[in-house]
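What the coordinates show
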Amino acid sequence: MRRQLWLVPAFCAAVWISAAAASNNPQQSSTAPQSASLLSGGTQYAETDVCKTCHQEIWEKHFALTPHSALLKHDQHGCQACHGPGQAHVDGGGDPTKIIRFETLSPAQTAAICSKCHEANLEVQNFSKSEHLTNGVTCTNCHDPHNSTDVNFMLVKTQTVLCYSCHSAQRAEFARPFRHRVDIGLVQCSDCHNPHGTETGGQVRTAAGQFAVCTKCHTDTMGPFVFEHAPVKTDESCLSCHTPHGSTNPRLLQVNNVNFLCLRCHTPNMNGAAPGIPSFHTQSAKYQACTMCHTQIHGSNFDPYFFR
Ligand code: HEC
Ligand code: HEC
Ligand code: HEC
Ligand code: HEC
Ligand code: HEC
Ligand code: HEC
Ligand code: HEC
Ligand code: HEC
Ligand code: HEC
Ligand code: HEC
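A brief look at the structure comes next. (Residues numbered from 1 in each chain as written. Chains lettered and ligands numbered in written order. Predicted model: local features only at pLDDT ≥ 70, side-chain atom pairs only at ≥ 80, totals over all residues.)

Overview of the overall build of the protein chain
To keep things clear, this is the line we draw: Secondary structure elements are taken from DSSP: a helix is a run of H or I of four residues or more, a strand is a run of E of two residues or more, and numbering for both begins at the N terminus. Buried residues are those with 20 or more other C-beta atoms within 10 Å of their own C-beta, exposed residues have 12 or fewer, and partly exposed residues lie in between; C-beta atoms are placed from the backbone. Here the contact rule is simple: place C-beta atoms from the backbone, and any two residues whose C-beta atoms are within 7 Å are in contact.
Looking only at helices and strands, the protein chain has 16 helices and 4 strands in total. Classification of the 308 residues of the protein chain by burial places 19% in the buried group. At a minimum sequence separation of 6, the contacts of the protein chain that also span at least 24 residues come to 56%.

Here is the structure:
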């Protein structure tokens with residue numbers, strides 16, 4: 001494993017070691033990391049303002065108006081906070097091999113540079129173990145510090161378009177007749193997912209409680225109820241009956257017929273915990289529409305059979 005040391009200052013070197021360690025992941029070795037000579041080329045910071053003399057357009061149009069202009073304050077070295085110490089680049093008349101160019105970095109190296117400032121943000125702190133970084137997707141796949149046209153979070157494209165650009169299967173799911181309407185921004189991918197990774201599977205956001213990711217909006221399903229419907233309170237919770245993205249069935253149900261949904265569990269011997277349906281529930285049309293009578297299907301404060 002190649003180790004790259006960015007010698008001075010000490011905190012940058014620490015970042016660089018962690019970047020090299022993270023890139024130990026075999027799935028990322030296909031991306032050629034920037035050569036050691038290049039990175040050790042620059043160890044000394046240039047004057048913050050000197051970059052402006054040759055890169056005036058980037059400075060004025062693609063930096064000074066972005067949130068990162070905050071890096072011009074308090075000895076944070078402006079451009080060099082991301083592109084590394086730049087004196088050698090300046091001395092070389094703009095030698096491009098003596099400055100950090102992100103397209104030559106591995107995904108983990110890029111993430112390490114951005115994370116040295118952003119990992120304290122709770123939103124971003126799990127990135128190093130996210131599904132995204134593990135699969136070679138890094139900060140610059142989604143964020144563009146210079147050329148973003150999306151004022152929200154400097155995204156490469158607006159969120160939904162960005163996510164669909166890699167997740168085409170989900171685009172199809174959200175085109176189904178019954179769906180969360182992410183296409184018009186009523187709900188966003190990031191309402192349910194954290195693209196920077198989470199402690200839980202599927203990069204799904206969760207707070208305390210069962211499927212808090214759903215109940216933060218659908219509070220009426222949350223309870224606690226005097227009479228709980230047991231499956232709502234399991235680990236699978238909402239997903240034992242609903243699909244999260246989109247469905248061909250009304251109410252995002254997993255099956256097209258409520259009757260079949262209920263009978264998945266309420267058939268003797270199918271599920272030890274759930275009672276079979278009473279014998280007077282003939283399979284006549286009247287009794288197939290289970291939620292016509294058992295209306296409070298997520299739980300009830302008044303009736304053990306969820307009639308009201
Ligand atoms: C003396 C003029 C000059 C100064 C001062 C200067 N640069 Fe450059 N820079 C250049 C030139 C010329 C290039 C090469 C452009 C090319 O080949 O497309 C370049 C290239 C770069 C690149 C690589 C661009 C790419 O194509 O990927 C980066 C990043 C960069 N400069 C950042 C900086 C930063 C940060 C500073 C301030 C420390 C700085 N430059 C100061 C002239 C300068
Ligand atoms: C927040 C981190 C960050 C800061 C601060 C930053 N850059 Fe960049 N810069 C990047 C990233 C990331 C890329 C690569 C963009 C990409 O791959 O889409 C880049 C690309 C570049 C490029 C080459 C591509 C292009 O857009 O032409 C140049 C030149 C450059 N930066 C110069 C500068 C200068 C000059 C400054 C200060 C005015 C600066 N950068 C400040 C992160 C930064
Ligand atoms: C030297 C510290 C530093 C580095 C390195 C850095 N940032 Fe930032 N970033 C900041 C600061 C400061 C702000 C503006 C204040 C804030 O919103 O927290 C900011 C803002 C942002 C925002 C906007 C946040 C918002 O709430 O709108 C995004 C997105 C972002 N940075 C992404 C990146 C990416 C991607 C990289 C790597 C290419 C990077 N940053 C590198 C310090 C840094
Ligand atoms: C797969 C795409 C993706 C990747 C990879 C990604 N981000 Fe983001 N990031 C987003 C989206 C989308 C948002 C807006 C989230 C929202 O709406 O809450 C965001 C928001 C942010 C914010 C603002 C968070 C807040 O609400 O305070 C910061 C800072 C940030 N990203 C930094 C980073 C850094 C640093 C990296 C790499 C270590 C990174 N992002 C990687 C998509 C991504
Ligand atoms: C209403 C909440 C919600 C929204 C909005 C949402 N997701 Fe999901 N997504 C989930 C849940 C819940 C899972 C299942 C996680 C599991 O099974 O562990 C999931 C799973 C996934 C998966 C894993 C593969 C799969 O289908 O099981 C991907 C990829 C995904 N979502 C991408 C997206 C994208 C891209 C968007 C926006 C276009 C999006 N999601 C919007 C809740 C949501
Ligand atoms: C550059 C391509 C790319 C972009 C952009 C992207 N993703 Fe991903 N995403 C991936 C890859 C690759 C994986 C890991 C393999 C997989 O599960 O498909 C992944 C995994 C995921 C997972 C976990 C799936 C699982 O099975 O655990 C979710 C959720 C997800 N992405 C949501 C999003 C959201 C939300 C956005 C937009 C903010 C987004 N992605 C943007 C490429 C991307
Ligand atoms: C950010 C808020 C939000 C989150 C989080 C959310 N939803 Fe929704 N949900 C909505 C909105 C808004 C609608 C109405 C959609 C419409 O009218 O197009 C909806 C509709 C539904 C419907 C269909 C209701 C009907 O009357 O047809 C179901 C079922 C549903 N959501 C289940 C879930 C599940 C399961 C989760 C968790 C995986 C979840 N929702 C997470 C906002 C949310
Ligand atoms: C045991 C199966 C089951 C579980 C578990 C379940 N639901 Fe439902 N849900 C249904 C059925 C069936 C309907 C349709 C009711 C109807 O047609 O009147 C429904 C309807 C809905 C609706 C539409 C509005 C309403 O209240 O009728 C929303 C929103 C919803 N569910 C969200 C959720 C959320 C969020 C969870 C997890 C906390 C969840 N559901 C768990 C079976 C379930
Ligand atoms: C994932 C499995 C599952 C599904 C699907 C399911 N249930 Fe249940 N249901 C249970 C379990 C487990 C109990 C709890 C039995 C207990 O506490 O003794 C229960 C309890 C009930 C009760 C109360 C029974 C009693 O004796 O207290 C009724 C009524 C009921 N379910 C109706 C329905 C209807 C109607 C549907 C379809 C909309 C449905 N269930 C879907 C598992 C399920
Ligand atoms: C016409 C109204 C009606 C319809 C439709 C209906 N039920 Fe019932 N259900 C009842 C009544 C009444 C009871 C008995 C309540 C009691 O014992 O006091 C009951 C009881 C139950 C019980 C509790 C059994 C037990 O032993 O505790 C379950 C489970 C149940 N129904 C499931 C279903 C399912 C599944 C469907 C759809 C296939 C359905 N019900 C359709 C009225 C209905």
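Side note on the site of ligand 8
Let me state the cut-off plainly: In this analysis, residues qualify as near a molecule or strand once their C-beta atom, positioned from backbone atoms, comes within 6 Å of it. By the convention adopted, Pro, Cys, Tyr, Trp, Phe, Met, Ile, Leu, Val and Ala count as nonpolar, Lys, Arg, Asp and Glu as charged, and the other residues, Gly among them, as polar.
In the region of ligand 8, 19 residues are neighbours, and C214, H218, T221, C238 and C241 sit closest. Across the shell around ligand 8, the residue classes break down as 9 nonpolar, 9 polar and 1 charged.

Some words on the site of ligand 1
Near ligand 1 you find 17 residues, and of these C51, C54, C79, G86 and G94 are the closest. Going through the elements one at a time, α3 (50-54), α5 (80-83) and α6 (87-91) are the ones with two or more residues in the shell around ligand 1. If you tally residues by element for the shell around ligand 1, the top one is α3, at 4 residues. Taken together, the residues of the shell around ligand 1 sort by class into 8 nonpolar, 8 polar and 1 charged.

Considering the environment of D49
Mapped onto the elements of the fold, D49 is located in the loop between α2 (36-41) and α3. Along the chain, D49 and L72 lie 23 residues apart, while their C-alpha atoms are 8.8 Å from each other.

Things to note about helix α7 (residues 107-118)
Formally: By definition here, a helix of n residues has an expected span of 1.5 Å times n minus one.
Spanning 12 residues, α7 covers 16 Å between terminal C-alpha atoms, matching the ideal 16 Å at 1.5 Å per step. Listing the buried residues of α7 in full gives P107, A108, Q109, T110, A111, A112, I113 and S115.

Overview of unusual backbone geometry
Following G223, the chain continues into P224 via a peptide bond in cis, with omega recorded as 5°. Mapped onto the elements, P224 comes out in the loop between α13 (212-215) and β2 (227-228). Even without being a glycine, Q203 presents a positive backbone phi close to 50°. In this structure, S237 takes a positive phi of about 45° despite not being glycine. Assignment of secondary structure puts S237 in the loop between β2 and β3 (246-247).

Notes on the environment of P278
Note on placement: P278 falls in the loop between α14 (258-263) and α15 (285-288). Its 9 C-beta neighbours within 10 Å are what place P278 among the exposed residues.

Let's talk about the environment of C262
Positionally, C262 belongs in helix α14. Separated by 12 residues in sequence, C262 and A274 place their C-alpha atoms 9.9 Å apart.

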